[in-house]
Amino acid sequence: MADVRSSFSAPRVRSSVSAPRVRSAVITGASRGLGLASAARLYRDGWHVVAAMRSVDSGMKALRELTGAREGDPRLIGTPLDLTDAASVTAAAKTITEAVGAPYALVHNAGISAAGMVEETPADLWERMFATSIFGPVLLTKELLPSMRAAGTGRIVLVSSQGGVRGMPATAPYSAVKGALERWGESMAGEVAPFGIGVTVVVTGTYDTEIITDAGTTDCRDLDGPYARHHRTMDKRGRAAMRMAARSPDKFAAGLAKALESSKPFVKTAIGPDARMLLIANRVLPSAGLHQMTRLMLGIPRFGALRGQGRSDG
Ligand SMILES: NC(=O)c1ccc[n+]([C@@H]2O[C@H](COP(=O)([O-])OP(=O)(O)OC[C@H]3O[C@@H](n4cnc5c(N)ncnc54)[C@H](OP(=O)(O)O)[C@@H]3O)[C@@H](O)[C@H]2O)c1
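Quick caveat, the model's predicted, so the values are computed rather than measured.

Right, let's talk about the sheet that holds strand β9 (residues 266-271) for a bit. Spatially, β3-β2-β1-β4-β6-β7-β9 is the arrangement adopted by the 7 strands of the open sheet, whose pairing is parallel. Looking at strand neighbours, the two that pair on one side only are β3 (76-80) and β9, the edges of this open sheet. Ignoring strand direction, the axes of neighbouring strands in this sheet form an average angle of 20 degrees. Taken together, the 8 bridges between strand β6 (residues 154-161) and strand β7 (residues 197-204) define a ladder with parallel strand orientation. Counted as the bridge partner of Arg155 is Gly198 from β7. Where helix α2 (residues 33-44) meets the sheet, it contacts β1 (24-28), β2 (48-53), β3 and β4 (105-108), and its direction lies at approximately 170 degrees from that of β1.

Spelled out as C-alpha coordinates, the structure:
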(Lines give C-alpha, C1' and ligand atoms only; values in the text may rest on other atoms or scores of the structure.)
Protein backbone atom coordinates (compact mmCIF):
# COMPACT_ATOMS: atom_id res chain seq x y z
CA MET A 1 0.00 0.00 0.00
CA ALA A 2 1.31 3.26 -0.96
CA ASP A 3 2.28 5.53 1.81
CA VAL A 4 -0.76 7.73 2.22
CA ARG A 5 1.50 10.60 3.04
CA SER A 6 2.90 10.48 -0.49
CA SER A 7 -0.56 10.87 -2.06
CA PHE A 8 -1.00 14.16 -0.36
CA SER A 9 0.79 17.13 -1.66
CA ALA A 10 2.12 19.49 0.94
CA PRO A 11 -0.69 21.48 2.46
CA ARG A 12 -1.15 24.77 0.68
CA VAL A 13 -0.41 27.48 3.10
CA ARG A 14 -1.82 30.82 2.08
CA SER A 15 1.14 33.14 2.11
CA SER A 16 0.72 36.22 4.22
CA VAL A 17 3.21 37.97 1.92
CA SER A 18 1.39 38.99 -1.24
CA ALA A 19 3.28 39.58 -4.47
CA PRO A 20 4.46 43.19 -4.70
CA ARG A 21 1.98 45.26 -6.67
CA VAL A 22 3.42 47.05 -9.68
CA ARG A 23 2.60 50.69 -9.17
CA SER A 24 1.82 52.84 -12.15
CA ALA A 25 3.03 56.36 -12.84
CA VAL A 26 1.87 58.85 -15.44
CA ILE A 27 4.53 61.39 -16.39
CA THR A 28 3.74 64.34 -18.63
CA GLY A 29 6.41 65.81 -20.90
CA ALA A 30 8.23 62.47 -21.00
CA SER A 31 9.69 63.04 -24.47
CA ARG A 32 12.88 64.70 -23.25
CA GLY A 33 14.63 66.42 -20.37
CA LEU A 34 13.55 65.69 -16.81
CA GLY A 35 10.40 63.83 -17.89
CA LEU A 36 12.37 61.44 -20.09
CA ALA A 37 14.97 60.78 -17.38
CA SER A 38 12.24 60.28 -14.76
CA ALA A 39 10.16 57.93 -16.92
CA ALA A 40 13.29 55.86 -17.62
CA ARG A 41 14.25 55.80 -13.95
CA LEU A 42 10.80 54.70 -12.77
CA TYR A 43 10.63 52.02 -15.46
CA ARG A 44 14.01 50.67 -14.33
CA ASP A 45 12.75 50.74 -10.73
CA GLY A 46 9.91 48.43 -11.74
CA TRP A 47 7.06 50.92 -12.16
CA HIS A 48 4.41 50.61 -14.84
CA VAL A 49 5.06 53.85 -16.72
CA VAL A 50 2.64 55.82 -18.87
CA ALA A 51 4.71 58.38 -20.74
CA ALA A 52 2.49 61.24 -21.90
CA MET A 53 3.93 63.43 -24.62
CA ARG A 54 3.28 65.41 -27.77
CA SER A 55 5.59 63.38 -30.02
CA VAL A 56 4.98 59.78 -29.06
CA ASP A 57 7.04 58.15 -31.83
CA SER A 58 10.30 59.96 -31.12
CA GLY A 59 9.71 60.09 -27.37
CA MET A 60 9.05 56.37 -27.03
CA LYS A 61 12.06 55.63 -29.21
CA ALA A 62 14.21 57.69 -26.85
CA LEU A 63 12.68 55.96 -23.82
CA ARG A 64 13.26 52.49 -25.24
CA GLU A 65 16.85 53.38 -26.06
CA LEU A 66 17.41 54.63 -22.50
CA THR A 67 15.76 51.68 -20.78
CA GLY A 68 16.36 48.80 -23.16
CA ALA A 69 12.61 48.10 -23.09
CA ARG A 70 11.27 46.27 -26.10
CA GLU A 71 8.52 47.65 -28.32
CA GLY A 72 5.15 46.53 -26.93
CA ASP A 73 6.43 46.19 -23.36
CA PRO A 74 3.22 46.50 -21.32
CA ARG A 75 5.18 48.27 -18.55
CA LEU A 76 6.11 51.15 -20.83
CA ILE A 77 3.21 52.82 -22.60
CA GLY A 78 3.17 56.07 -24.55
CA THR A 79 0.15 58.27 -24.93
CA PRO A 80 -0.24 61.44 -26.98
CA LEU A 81 -0.85 64.52 -24.85
CA ASP A 82 -0.89 68.18 -25.77
CA LEU A 83 -1.75 70.07 -22.61
CA THR A 84 -2.95 73.12 -24.55
CA ASP A 85 -5.68 71.06 -26.23
CA ALA A 86 -8.60 69.97 -24.01
CA ALA A 87 -9.64 67.16 -26.40
CA SER A 88 -6.11 65.76 -26.30
CA VAL A 89 -6.10 65.86 -22.49
CA THR A 90 -9.43 64.02 -22.27
CA ALA A 91 -8.29 61.41 -24.80
CA ALA A 92 -5.03 60.89 -22.87
CA ALA A 93 -6.96 60.39 -19.62
CA LYS A 94 -9.06 57.72 -21.33
CA THR A 95 -5.96 55.92 -22.65
CA ILE A 96 -4.35 56.07 -19.20
CA THR A 97 -7.42 54.65 -17.45
CA GLU A 98 -7.76 51.88 -20.03
CA ALA A 99 -4.07 51.01 -19.73
CA VAL A 100 -3.50 51.05 -15.96
CA GLY A 101 -6.85 51.77 -14.30
CA ALA A 102 -6.20 54.27 -11.55
CA PRO A 103 -2.60 55.49 -11.74
CA TYR A 104 -0.76 55.54 -8.42
CA ALA A 105 1.37 58.55 -9.36
CA LEU A 106 0.48 61.46 -11.58
CA VAL A 107 3.54 63.59 -12.26
CA HIS A 108 2.83 66.98 -13.80
CA ASN A 109 6.22 67.62 -15.31
CA ALA A 110 5.66 69.19 -18.75
CA GLY A 111 6.44 72.86 -18.96
CA ILE A 112 7.69 75.70 -21.11
CA SER A 113 9.81 78.73 -20.34
CA ALA A 114 10.10 82.24 -21.71
CA ALA A 115 12.57 85.07 -21.25
CA GLY A 116 11.55 88.70 -21.28
CA MET A 117 10.26 91.54 -19.14
CA VAL A 118 6.52 91.96 -18.53
CA GLU A 119 6.39 94.85 -21.02
CA GLU A 120 8.14 92.76 -23.65
CA THR A 121 6.04 89.61 -23.32
CA PRO A 122 2.95 89.27 -25.53
CA ALA A 123 -0.41 88.24 -24.05
CA ASP A 124 -0.55 85.01 -26.05
CA LEU A 125 2.64 83.83 -24.37
CA TRP A 126 0.97 84.26 -20.96
CA GLU A 127 -2.00 82.28 -22.24
CA ARG A 128 0.19 79.44 -23.58
CA MET A 129 2.11 79.36 -20.31
CA PHE A 130 -1.06 79.00 -18.22
CA ALA A 131 -2.60 76.50 -20.67
CA THR A 132 0.51 74.29 -20.50
CA SER A 133 1.22 74.45 -16.79
CA ILE A 134 -2.18 75.04 -15.16
CA PHE A 135 -5.29 74.59 -17.31
CA GLY A 136 -4.17 71.37 -19.05
CA PRO A 137 -2.76 69.74 -15.89
CA VAL A 138 -5.87 70.72 -13.88
CA LEU A 139 -8.11 69.12 -16.51
CA LEU A 140 -5.99 65.95 -16.61
CA THR A 141 -6.14 65.76 -12.81
CA LYS A 142 -9.93 66.19 -12.82
CA GLU A 143 -10.24 63.36 -15.35
CA LEU A 144 -8.06 60.98 -13.31
CA LEU A 145 -9.13 61.83 -9.77
CA PRO A 146 -12.38 59.79 -9.76
CA SER A 147 -10.48 56.53 -10.35
CA MET A 148 -7.69 57.54 -7.96
CA ARG A 149 -10.26 58.36 -5.26
CA ALA A 150 -11.91 55.00 -5.81
CA ALA A 151 -8.53 53.28 -5.47
CA GLY A 152 -7.98 55.15 -2.21
CA THR A 153 -4.29 55.68 -2.80
CA GLY A 154 -1.96 57.71 -4.96
CA ARG A 155 0.27 60.77 -5.21
CA ILE A 156 0.05 63.82 -7.43
CA VAL A 157 3.37 65.52 -8.04
CA LEU A 158 3.60 69.09 -9.29
CA VAL A 159 6.98 70.03 -10.74
CA SER A 160 7.63 73.60 -9.70
CA SER A 161 10.71 75.73 -9.88
CA GLN A 162 12.73 78.27 -7.93
CA GLY A 163 10.71 80.82 -9.90
CA GLY A 164 7.61 79.49 -8.14
CA VAL A 165 9.10 80.27 -4.74
CA ARG A 166 10.21 83.81 -5.65
CA GLY A 167 9.16 85.75 -8.73
CA MET A 168 12.31 86.24 -10.79
CA PRO A 169 12.82 89.19 -13.14
CA ALA A 170 12.52 88.50 -16.88
CA THR A 171 10.49 85.33 -16.27
CA ALA A 172 7.20 86.73 -14.97
CA PRO A 173 4.84 84.34 -16.83
CA TYR A 174 6.97 81.33 -15.82
CA SER A 175 7.23 82.46 -12.19
CA ALA A 176 3.49 83.21 -12.18
CA VAL A 177 2.48 79.73 -13.38
CA LYS A 178 4.85 77.98 -11.02
CA GLY A 179 3.49 80.04 -8.11
CA ALA A 180 -0.05 79.21 -9.22
CA LEU A 181 0.91 75.54 -9.49
CA GLU A 182 2.13 75.55 -5.89
CA ARG A 183 -1.05 77.21 -4.57
CA TRP A 184 -3.17 74.77 -6.62
CA GLY A 185 -1.25 71.85 -5.07
CA GLU A 186 -1.66 73.18 -1.53
CA SER A 187 -5.40 73.65 -2.03
CA MET A 188 -5.91 70.26 -3.64
CA ALA A 189 -3.90 68.47 -0.93
CA GLY A 190 -6.48 69.57 1.63
CA GLU A 191 -9.24 68.18 -0.56
CA VAL A 192 -7.88 64.78 -1.59
CA ALA A 193 -5.99 63.73 1.56
CA PRO A 194 -9.07 62.11 3.17
CA PHE A 195 -9.29 59.80 0.13
CA GLY A 196 -5.72 58.59 0.68
CA ILE A 197 -4.16 60.71 -2.05
CA GLY A 198 -1.07 62.79 -1.28
CA VAL A 199 0.27 65.85 -3.08
CA THR A 200 3.94 66.72 -3.50
CA VAL A 201 5.23 70.05 -4.77
CA VAL A 202 8.76 69.66 -6.07
CA VAL A 203 10.89 72.79 -6.15
CA THR A 204 13.31 71.88 -8.89
CA GLY A 205 16.90 73.09 -8.95
CA THR A 206 18.87 73.69 -12.15
CA TYR A 207 19.26 70.74 -14.50
CA ASP A 208 20.94 70.36 -17.84
CA THR A 209 17.95 70.26 -20.22
CA GLU A 210 16.75 72.33 -23.16
CA ILE A 211 14.55 74.55 -21.03
CA ILE A 212 17.62 76.41 -19.72
CA THR A 213 19.02 77.02 -23.23
CA ASP A 214 18.17 79.68 -25.82
CA ALA A 215 16.79 76.98 -28.11
CA GLY A 216 14.44 75.66 -25.45
CA THR A 217 13.05 79.05 -24.37
CA THR A 218 10.73 81.49 -26.08
CA ASP A 219 12.77 84.67 -26.27
CA CYS A 220 10.65 87.82 -25.93
CA ARG A 221 13.54 90.10 -24.96
CA ASP A 222 14.10 93.41 -26.71
CA LEU A 223 17.83 93.78 -26.33
CA ASP A 224 17.77 97.41 -27.60
CA GLY A 225 14.65 98.51 -25.71
CA PRO A 226 14.19 100.23 -22.34
CA TYR A 227 15.33 97.09 -20.49
CA ALA A 228 18.56 96.73 -22.50
CA ARG A 229 20.61 97.61 -19.41
CA HIS A 230 18.93 94.82 -17.40
CA HIS A 231 19.44 92.27 -20.14
CA ARG A 232 23.14 92.98 -20.48
CA THR A 233 24.10 91.83 -16.98
CA MET A 234 21.26 89.39 -16.44
CA ASP A 235 22.16 87.52 -19.59
CA LYS A 236 25.80 87.11 -18.57
CA ARG A 237 25.35 86.45 -14.86
CA GLY A 238 22.20 84.35 -15.16
CA ARG A 239 23.72 82.10 -17.77
CA ALA A 240 27.00 81.68 -15.90
CA ALA A 241 25.14 80.78 -12.70
CA MET A 242 22.95 78.28 -14.55
CA ARG A 243 25.91 76.66 -16.26
CA MET A 244 27.62 76.25 -12.90
CA ALA A 245 24.55 74.92 -11.11
CA ALA A 246 23.18 72.61 -13.84
CA ARG A 247 23.19 68.93 -12.85
CA SER A 248 22.36 65.76 -14.71
CA PRO A 249 18.63 65.05 -15.24
CA ASP A 250 19.30 61.60 -13.77
CA LYS A 251 19.89 63.27 -10.41
CA PHE A 252 16.46 64.87 -10.64
CA ALA A 253 14.94 61.49 -11.56
CA ALA A 254 16.51 59.92 -8.45
CA GLY A 255 15.00 62.69 -6.32
CA LEU A 256 11.60 62.22 -7.90
CA ALA A 257 11.71 58.45 -7.35
CA LYS A 258 12.39 59.14 -3.67
CA ALA A 259 9.65 61.75 -3.47
CA LEU A 260 7.14 59.19 -4.76
CA GLU A 261 7.79 57.01 -1.72
CA SER A 262 6.28 59.58 0.65
CA SER A 263 3.03 58.69 2.34
CA LYS A 264 2.42 62.18 3.73
CA PRO A 265 -0.70 64.10 2.69
CA PHE A 266 1.31 67.14 1.61
CA VAL A 267 5.00 67.60 0.96
CA LYS A 268 6.92 70.51 -0.47
CA THR A 269 10.43 69.40 -1.22
CA ALA A 270 13.47 70.67 -3.07
CA ILE A 271 15.29 68.50 -5.59
CA GLY A 272 18.76 69.96 -6.04
CA PRO A 273 21.10 71.92 -3.73
CA ASP A 274 20.34 75.34 -5.28
CA ALA A 275 16.60 74.84 -4.79
CA ARG A 276 17.20 73.71 -1.21
CA MET A 277 19.24 76.87 -0.52
CA LEU A 278 16.51 79.08 -1.96
CA LEU A 279 13.86 77.46 0.20
CA ILE A 280 15.99 78.17 3.28
CA ALA A 281 16.70 81.78 2.19
CA ASN A 282 13.00 82.29 1.50
CA ARG A 283 12.19 81.15 5.01
CA VAL A 284 14.77 83.26 6.85
CA LEU A 285 15.04 86.43 4.76
CA PRO A 286 12.31 89.05 4.54
CA SER A 287 10.84 89.57 1.05
CA ALA A 288 12.54 92.94 0.69
CA GLY A 289 15.88 91.31 1.51
CA LEU A 290 15.38 88.65 -1.16
CA HIS A 291 14.44 91.36 -3.65
CA GLN A 292 17.75 93.13 -2.97
CA MET A 293 19.71 89.91 -3.08
CA THR A 294 18.23 88.98 -6.48
CA ARG A 295 18.86 92.51 -7.80
CA LEU A 296 22.52 92.40 -6.76
CA MET A 297 23.08 88.89 -8.06
CA LEU A 298 21.62 89.76 -11.46
CA GLY A 299 23.26 93.19 -11.67
CA ILE A 300 19.98 95.07 -12.02
CA PRO A 301 20.35 98.87 -11.51
CA ARG A 302 19.27 100.17 -8.10
CA PHE A 303 15.84 101.72 -7.44
CA GLY A 304 15.34 104.85 -9.59
CA ALA A 305 18.66 104.53 -11.42
CA LEU A 306 17.01 104.56 -14.85
CA ARG A 307 14.60 107.42 -14.13
CA GLY A 308 14.29 109.67 -17.13
CA GLN A 309 15.54 106.97 -19.49
CA GLY A 310 12.16 105.25 -19.62
CA ARG A 311 10.32 107.98 -21.57
CA SER A 312 9.02 106.83 -24.92
CA ASP A 313 10.09 108.89 -27.92
CA GLY A 314 6.54 109.39 -29.13
N1 LIG B 1 15.71 71.97 -16.18
C2 LIG B 1 15.65 72.82 -15.19
O3 LIG B 1 16.66 73.41 -14.78
C4 LIG B 1 14.33 73.10 -14.50
C5 LIG B 1 14.35 73.96 -13.40
C6 LIG B 1 13.16 74.21 -12.73
C7 LIG B 1 11.98 73.61 -13.15
N8 LIG B 1 12.00 72.78 -14.23
C9 LIG B 1 10.70 72.22 -14.64
O10 LIG B 1 10.86 70.87 -14.97
C11 LIG B 1 9.87 70.49 -15.94
C12 LIG B 1 10.55 69.76 -17.08
O13 LIG B 1 11.42 70.66 -17.72
P14 LIG B 1 12.72 70.17 -18.54
O15 LIG B 1 13.86 70.79 -17.87
O16 LIG B 1 12.69 68.72 -18.75
O17 LIG B 1 12.45 70.94 -19.91
P18 LIG B 1 12.47 70.45 -21.42
O19 LIG B 1 13.65 69.60 -21.67
O20 LIG B 1 12.29 71.68 -22.22
O21 LIG B 1 11.17 69.52 -21.53
C22 LIG B 1 9.89 70.07 -21.46
C23 LIG B 1 8.88 68.97 -21.70
O24 LIG B 1 7.56 69.54 -21.62
C25 LIG B 1 6.84 69.11 -22.78
N26 LIG B 1 5.79 70.04 -23.19
C27 LIG B 1 5.89 71.36 -23.48
N28 LIG B 1 4.71 71.85 -23.87
C29 LIG B 1 3.81 70.82 -23.81
C30 LIG B 1 2.44 70.68 -24.11
N31 LIG B 1 1.71 71.70 -24.57
N32 LIG B 1 1.86 69.49 -23.93
C33 LIG B 1 2.58 68.42 -23.50
N34 LIG B 1 3.89 68.47 -23.22
C35 LIG B 1 4.51 69.66 -23.38
C36 LIG B 1 7.90 68.98 -23.86
O37 LIG B 1 7.40 68.22 -24.93
P38 LIG B 1 7.90 68.39 -26.47
O39 LIG B 1 9.10 67.50 -26.58
O40 LIG B 1 6.74 67.95 -27.28
O41 LIG B 1 8.22 69.83 -26.68
C42 LIG B 1 9.01 68.32 -23.08
O43 LIG B 1 8.78 66.95 -22.96
C44 LIG B 1 9.18 71.80 -16.36
O45 LIG B 1 7.96 71.92 -15.68
C46 LIG B 1 10.15 72.87 -15.90
O47 LIG B 1 9.51 74.08 -15.61
C48 LIG B 1 13.13 72.52 -14.92
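This is not the end of the story, as more comes after the structure.
What follows concerns the site of the ligand. If you check the shell around the ligand, you find 29 residues, and the closest are Gly29, Gly33, Arg54, Gly111 and Thr209. Elements with a contribution of two residues or more to the shell around the ligand: α2 and β6.

Our focus in this paragraph is the nonpolar core. Formed by 66 residues in total, the largest nonpolar core has its most connected members in Ala25, Val26, Ile27, Ala39, Val49, Ala51 and Ala52. Broken down by element, this core gets its largest block of residues, 7 residues, from α2. Setting aside its immediate chain neighbours within four residues, Val26 contacts Val50, Ala52, Ile96, Pro103, Ala105, Leu106 and Val107.

The UniProt record marks residues 23-229 with the feature "domain: Ketoreductase" (unreviewed entry), using the residue numbering of this structure. Taken end to end, residues 23-229 has its terminal C-alpha atoms 51 Å apart, with 46% of it in helix and 20% in strand.

A rise of 1.5 Å per residue sets the reference length of helix α4 (residues 86-100), with its 15 residues, at 21 Å; its end C-alpha atoms lie 21 Å apart and thus fit the reference within 8%. Where the residues of α4 are buried, they touch β1, β2, β3 and α5 (123-151). Downstream of α4 by one or two residues, Gly101 has phi in the positive range, about 75 degrees.

Its 18 residues give helix α8 (residues 228-245) an end-to-end C-alpha distance of 25 Å, which sits within 8% of 26 Å, the value for a rise of 1.5 Å per residue. Here α8 has its buried residues at His231, Met234 and Gly238. Looking at the buried side of α8, the elements it contacts are α11 (287-298).

What follows covers unusual backbone geometry. Backbone geometry places Ala170, a non-glycine residue, at a positive phi of 70 degrees. The class for Ala170 is buried, based on 23 C-beta atoms found within 10 Å.

How each quantity is defined
- Residues numbered from 1 in each chain as written.
- Predicted model: local features only at pLDDT ≥ 70, side-chain atom pairs only at ≥ 80, totals over all residues.
- Pairing = 2+ DSSP bridges.
- Helix = DSSP H or I, 4+ residues; strand = E, 2+ residues; numbered from the N terminus.
- Axes fitted to C-alpha atoms, helices over the stretch in contact; angles between N-to-C directions.
- Contact = placed C-beta atoms within 7 Å.
- Near = placed C-beta within 6 Å.
- Core = buried A, V, L, I, M, F, W, Y, C linked by C-beta atoms within 7 Å.
- Buried ≥ 20, exposed ≤ 12 C-beta atoms within 10 Å, placed from the backbone.
- UniProt positions renumbered as here; feature names shortened; annotations may be inferred.
- Expected span 1.5 Å × (residues − 1).

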